[in-house]
Amino acid sequence: MILKNINHGFSYHTEKIALMFFPLEKIRNNEESDIIIITEKRENTFCVNARVFSKRLEKSCNIGGDDEAFTLSVLLFNVLEEITGFTPQWGILYGVRPARLLHSKCEALGTEGAKEYFKKSLVSDKKLELALRVMESENRIIPLSADNSFSLYVSIPFCPSRCSYCSFVSHSINNARDLIEPYVELLCKELLSISKVAKDLKLNLETVYFGGGTPTTLSPTQLDRILTVIENNFDLSSIREYTVEAGRPDTVNRKKLITLSSHNVTRISINPQTFNDGVLEKIGRRHTVKQVYDAFELARKSGFDNINTDLIAGLSGDTLESFKNSVDSAVALGADSITVHNLALKSSSYLVTEKLLFDLSKRELTDKMMNYSYNKLSDNNYIPYYMYRQSKSLGNLENCGWAKRGKEGLYNVFMMDETHTVLAAGAGAVTKLKNPKSGHIERIYNYKYPYEYIDGFDEVLKRKNGIYDFYNNL
């Protein structure tokens, strides 16, 4: 895709809008392309000229008001909407956190003013309603955090196998088995280091979250070692939530659940992604639907009363009826929270064909799936409590967490809202430090892959000293 911006400085905005419609295209400058978009400022007018394969369209508008970037974004959106036949439901909003944007607009403009801003941004009524409901849930949870609060994130980047859609830093145990034991040993050392920092700075731990990968890929003994380090070195007296993703049902057994329970883990995830065995096979999940039910029943018998279940809309081979069955099955199973993800497309060079580009069936199908989940979950007393978007998702839709009242994943809200500091351990983990007064965020990155983390562990610990620097300069 060629995108030319002439006589204005809004290339960031035009790139974001263009990628809504062509998410897997790379923006090029001097190569030939079947997609060419030119945006130009001509005195008091914006002009957009687009050619998408055999279709051409040019539109212009007067530059009224102060927000020229907004005006150009709406014009470009309208041109690409008309030429492709596709209408992104979030309008010109391209941010990861639409509910957080709504928060800020409500503070600046009042609720009605914020709603009007979203409508002018071409957000659909359905998505505006969703954002309002998420904001309402977040408004109950965010005040639980204080200025000295923090959450702890623990990365376990190993899985039984790698799913076809996965974009996370995770390794199958077949390829990384020899890394697991040294990784666990160093992870425990990093957690010790973080615990000292938290004590020295008098930070208050609100939530713990084990993510991955699949944390329950580890053995009961390895899990126990990590959980014991946390239990013995962090003040857990005021903790509100302790989550471990037991995401793959084929990693769940009684010994692991007993281990988690014995360390007062309060919330787990058992994630089928779909209740269709054929789709599971296509996406590389080496478990069956029956194993989902078995793992869920075992978790209930082990005393877990807060279990999340993940589903994905838009998986290869899934149909609308099949997806409806997955949502219905998760509800019937009695999941305490259900997170519905919109399939994120893998980043890669993509040579689109004209036929493929103008075939909206997959995007329309995914939209129907998301709408069904909205209606079904609302009708069964689940409330949307957190939400985020990914730039290369199918249909430019959202990922949304739904929960029974009182079963919301607090860490998810704190993390997505950037409510407070998150101290993170393990490969791929990112520590996010928040200034409670200014809202300023600084990040400290760990090495991305397990072998890098192991080889560069001394540097990992050295970087953590930046936490002291940050808080000492508040």
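Everything below is about the structure shown above.
These numbers come from a predicted model, not from an experiment. (Residues numbered from 1 in each chain as written. Predicted model: local features only at pLDDT ≥ 70, side-chain atom pairs only at ≥ 80, totals over all residues. Heavy atoms only, no water.)

**Quick look at the pairing of strand β12 (residues 337-342)**
The element β12 is extensively covered by neighbouring structure, given that six of its six residues are classed as buried. Of the two faces of β12, the one lined by Ser337, Thr339 and His341 and the one lined by Ile338, Val340 and Asn342 are each fully buried. As paired strands, strand β11 (residues 307-313) and β12 are joined by six bridges and run parallel to one another. Bridging from a neighbouring strand, threonine 309 pairs with isoleucine 338 of β12. In this view, the connection linking β11 to its parallel neighbour β12 by way of helix α10 (residues 320-333) has right-handed handedness. Sheet topology places β12 next to strand β14 (residues 398-403); four bridges connect them, and they run antiparallel. Bridging from a neighbouring strand, serine 337 pairs with alanine 403 of β14. (Buried < 20%, exposed > 50% of the residue type's maximum accessible area, 1.4 Å probe, protein only. Helix = DSSP H or I, 4+ residues; strand = E, 2+ residues; numbered from the N terminus. Pairing = 2+ DSSP bridges. Right-handed = clockwise from strand over helix to strand, strands pointing away.)

**Quick notes on the environment of arginine 240**
You can see arginine 240 is positioned in the loop between α6 (220-233) and β9 (241-245). Of the residues examined, arginine 240 reaches a relative accessible area of 41% and is grouped as partly exposed. For the pair arginine 240 and valine 74, spaced 166 residues apart in the sequence, the C-alpha separation amounts to 43 Å. Residues in contact with arginine 240, not counting those within four places in the same chain, are Leu144, Glu206 and Leu410. Engagement of the side chain of arginine 240 in a polar contact is seen with the backbone oxygen of leucine 144, the distance being 3.3 Å. Here glutamate 206 takes part through its side chain, which lies 2.6 Å from a polar atom of the side chain of arginine 240. (Contact = heavy atoms within 4.5 Å. Polar contact = N/O pair within 3.5 Å; in protein donor to acceptor, adjacent residues only side chain to side chain.)

**Notes on α10**
The end-to-end C-alpha distance of α10, which contains 14 residues, comes to 20 Å, matching closely the 20 Å that a straight helix rising 1.5 Å per residue would cover. Where α10 is concerned, the buried positions are Ser322, Phe323, Ser326, Val327, Ser329, Ala330, Val331 and Leu333. Looking at the packing, one finds that the buried side of α10 touches α9 (289-301), β11, β12 and α12 (361-379). At the C-terminal side of α10, glycine 334 shows a positive phi close to 85 degrees. (Expected span 1.5 Å × (residues − 1).)

**A closer look at the nonpolar core**
By size, the foremost hydrophobic cluster in this structure holds 91 residues, and its most contacted members are Leu152, Phe210 and Ile226. A total of 11 residues in this core trace back to one element, the largest contributor, which is helix α5 (residues 173-200). Ignoring anything within four residues of it in the chain, the contact list for phenylalanine 210 reads Val154, Ile156, Pro215, Ile226, Leu227, Ile230, Tyr242, Thr243, Val244 and Glu245. If you look at the next biggest cluster of nonpolar residues, it comprises 31 residues, including Phe10, Ala69, Val79 and Phe86. (Core = buried A, V, L, I, M, F, W, Y, C linked by side-chain atoms within 4.5 Å.)

**A look at the packing of helix α1 (residues 11-21) against helix α2 (residues 68-84)**
For any two helices packed against each other, one specifies the crossing angle of their axes together with the interaxial distance. Where α1 meets α2, the axes come as close as 10 Å, and the angle between the chain directions of the two elements is 20 degrees. Considering the angle they form, α1 stands roughly parallel to α2. α1 and α2 meet at a crossing whose hand is right-handed. Of the residues in α2, those in contact with His13, Thr14, Ile17, Ala18 and Phe21 of α1 are Ala69, Leu72, Ser73, Leu76, Phe77, Leu80, Glu81 and Thr84. Taken together, the residues of the contact of α1 with α2 break down into eight nonpolar, four polar and one charged. (Axes fitted to C-alpha atoms, helices over the stretch in contact; angles between N-to-C directions. Parallel < 35°, antiparallel > 145°, perpendicular 65-115°, else oblique. Left-handed = near helix turned anticlockwise from the far one by under 90°. Nonpolar A, V, L, I, M, F, W, Y, C, P; charged D, E, K, R; others polar.)

**What about the sheet that holds strand β4 (residues 55-62)?**
Sheet architecture is open: four strands sit in the order β1-β2-β3-β4, paired in mixed fashion. Because the sheet does not close on itself, it has two edges, and the strands there are β1 (2-6) and β4. Taking each pair of neighbouring strands and ignoring which way they run, the sheet shows an average axis angle of 10 degrees. Pairing of β1 with strand β2 (residues 35-42) involves five bridges; the strand directions are parallel. Its bridge partner lying in β2, leucine 3 is registered against isoleucine 37. Contacting β1 and β2, α1 runs over the sheet at an angle of about 150 degrees to β1. Contacts from α2 reach β2, β3 (45-52) and β4, with the element oriented near 30 degrees to β3.

**Description of the pattern of salt bridges**
Evaluation of the coordinates by the stated rule reveals 21 salt bridges. Ionic pairing is found between lysine 301 and glutamate 297, a salt bridge with its closest N-O pair at 3.2 Å. Taken together, the residues span about one helical turn, with lysine 301 and glutamate 297 both in helix α9 at a distance of four residues. Here arginine 300 and aspartate 336 are joined by a salt bridge, their closest N and O atoms 2.9 Å apart. Taken as a pair, arginine 300 in helix α9 and aspartate 336 in the loop between α10 and β12 lie far apart in primary sequence, 36 residues in all. (Salt bridge = Lys/Arg side-chain N within 4 Å of Asp/Glu carboxyl O.)

So, to be careful, I would describe these as geometric facts and stop short of saying anything about function.
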